[in-house]
Structure formats: C-alpha cells, structure tokens
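# Structural characterization, general
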Amino acid sequence: MNLSPSQKRLASRIVLLLAPFAIVAALIVPSCKDEKPNTSGYLLPDSNISYSRDIDPLFAQTCLGSQCHSGSSPAQGLNLEPPSYGKLIFYVPTLVVPRDTNSLLLQYINGKMFPRMPSNQNPLTTNQIDGIKEWIKEGAKDN
C-alpha cells in the first residue's frame, strides 16, 4: 500500500493525537495477569514468514497467554484470538503497514513506543522481533 505524502502526514498526525489517549488508557485499564508465558524457545525463521504459521502462534503464547489481548475486554480493544490476522492488520490506529519496518507494532514490541509489548515483563527475543520485522518487510501476508 503506497500512501501519498499528504496521507502519511495525516496518519502521523492521527498517531500523535491518539498517543496520549493510549497512554492514559494503559494506565487506567486493569493490567494483564502477571503470568509470564515462556516464549524464549519459540524461534521464527529468517525469511518466508507466514502470519498463520509463525506469527499467530507466537502471539497466542505472548498476547493470549497473559490474557491481555483476549476475552470480552481485550487491552486497547485488540483481540488476537485466532484467527487474528485481520484483527491486527485492520486495527485502528494502523499497527502494521506492509513493507514499513517502522510500523507501530514494531515500535511497541521493541520498546520505542509506550507501553512496551508484551507488557508482562517478558519481552520478545531478538529472533522474534527480527522475525516480525521480516514478516512486515516481506509484505505482512497471512500465508
């Protein structure tokens, strides 16, 4: 998806306007369970990454295992219960822009945006972050 410069500016402004609300919501929304799912052994391939085969199972362990992005009141309204591809791709504000390695999702998981995800004090490994980055770089496809 190619955005015009004016569309990119508008998207940036929207993100900047919504950021304070996200921070406030993160502070007042009940925190996720303190359970720390063990995802350190979950390895992603270096290329040809599939959302349904590779990313979705990782999110199931990290985002659902801590019960943050599941159930009737998922954090920030983002429910990642399978099938979750469409829920993630079409979430507003846009978390994943295919081929954009500066997508908000990456900024949250690598700690450049607050709150860092996953927020259960069990950050993703370098391999997992690199795998998600590669998936986005490859076009963020479901297959």
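Keep in mind that what you see is a predicted model, and the values were worked out from it rather than measured.

### Quick word on the overall build of the chain
Of regular secondary structure, the chain possesses 5 helices and 0 strands. Along its sequence from the N terminus, the chain presents helices and strands in the succession α-α-α-α-α. For the chain, the proportion of its 143 residues judged to be buried stands at 38%. In the chain, the share of contacts with a sequence separation of at least 24, taken over all contacts with a separation of at least 6, comes to 58%. Element-wise, carbon and sulfur atoms account for 57% of the exposed surface of the chain, whose accessible area totals about 8500 Å².

### Section: the pattern of salt bridges
Here the structure, examined in full by the defined rule, presents 2 salt bridges. Arg 53 is paired through a salt bridge with Asp 54; the nearest N and O atoms lie 2.8 Å apart. In this structure, the salt-bridge partner of Glu 134 is Lys 137, at a minimum N-O distance of 3.8 Å. One end of the pair is Glu 134 and the other is Lys 137, both in helix α5 (residues 126–137) and 3 residues apart, which spans about a single turn.

### Quick notes on the packing of helix α2 (residues 51–64) against α5
How two helices sit against one another is set out by the angle between their axes and by the gap between those axes. Interaxial distance between α2 and α5 falls to 11 Å at its minimum, and their mutual angle equals 140°. Relative to α5, α2 is oriented oblique. As α2 packs across α5, the resulting crossing turns out to be left-handed. When α2 is examined against α5, the residues Tyr 51, Ile 55, Leu 58 and Phe 59 are found in contact with a partner set consisting of Gln 128, Gly 131, Ile 132 and Trp 135. Its residues assigned to classes, the contact of α2 with α5 shows 6 nonpolar, 2 polar and no charged.

### Re the confidence of the model for the chain
Here the chain averages 83 in pLDDT, and 79% of its residues register 70 or above. Residue range residues 24–30 is modelled with pLDDT below 50. Its contacts to residues more than four positions away, or to other chains, number 3 contacts.

### Points about the packing of aromatic side chains
On inspection of all chains with the given rule, the structure shows 3 aromatic pairs. Relative to Tyr 85, the ring of Tyr 51 lies with its centre 5.4 Å away and its plane at 65°, an arrangement referred to as edge-to-face. Of the two residues, Tyr 51 is situated in helix α2 and Tyr 85 in helix α3 (residues 85–89); the sequence distance between them amounts to 34 residues. Pairing Tyr 51 with Trp 135 gives two aromatic rings, centres 5.3 Å apart and planes at 40°, and the pair type is tilted. With Tyr 51 in helix α2 and Trp 135 in helix α5, this pair connects stretches of sequence that are 84 residues apart.

### Comments concerning the environment of Glu 81
Assignment of secondary structure puts Glu 81 in the loop between α2 and α3. Residue Glu 81 is classed as partly exposed on the basis of its relative accessible area, which comes to 31%. Separated by 18 residues in sequence, Glu 81 and Cys 63 place their C-alpha atoms 8.9 Å apart. Those residues in contact with Glu 81 that sit more than four places away from it in its chain are Leu 64, His 69, Ser 70, Gly 71 and Lys 87.

Calculation rules
Residues numbered from 1 in each chain as written. Predicted model: local features only at pLDDT ≥ 70, side-chain atom pairs only at ≥ 80, totals over all residues. Heavy atoms only, no water. Helix = DSSP H or I, 4+ residues; strand = E, 2+ residues; numbered from the N terminus. Buried < 20%, exposed > 50% of the residue type's maximum accessible area, 1.4 Å probe, protein only. Contact = heavy atoms within 4.5 Å. Areas by Shrake-Rupley, 256 points an atom, 1.4 Å probe, with all protein chains shown as cover. Salt bridge = Lys/Arg side-chain N within 4 Å of Asp/Glu carboxyl O. Axes fitted to C-alpha atoms, helices over the stretch in contact; angles between N-to-C directions. Parallel < 35°, antiparallel > 145°, perpendicular 65-115°, else oblique. Left-handed = near helix turned anticlockwise from the far one by under 90°. Nonpolar A, V, L, I, M, F, W, Y, C, P; charged D, E, K, R; others polar. pLDDT = per-residue confidence, 0-100. Phe/Tyr/Trp six-rings, centres within 6.5 Å; stacked < 30°, edge-to-face > 60°.

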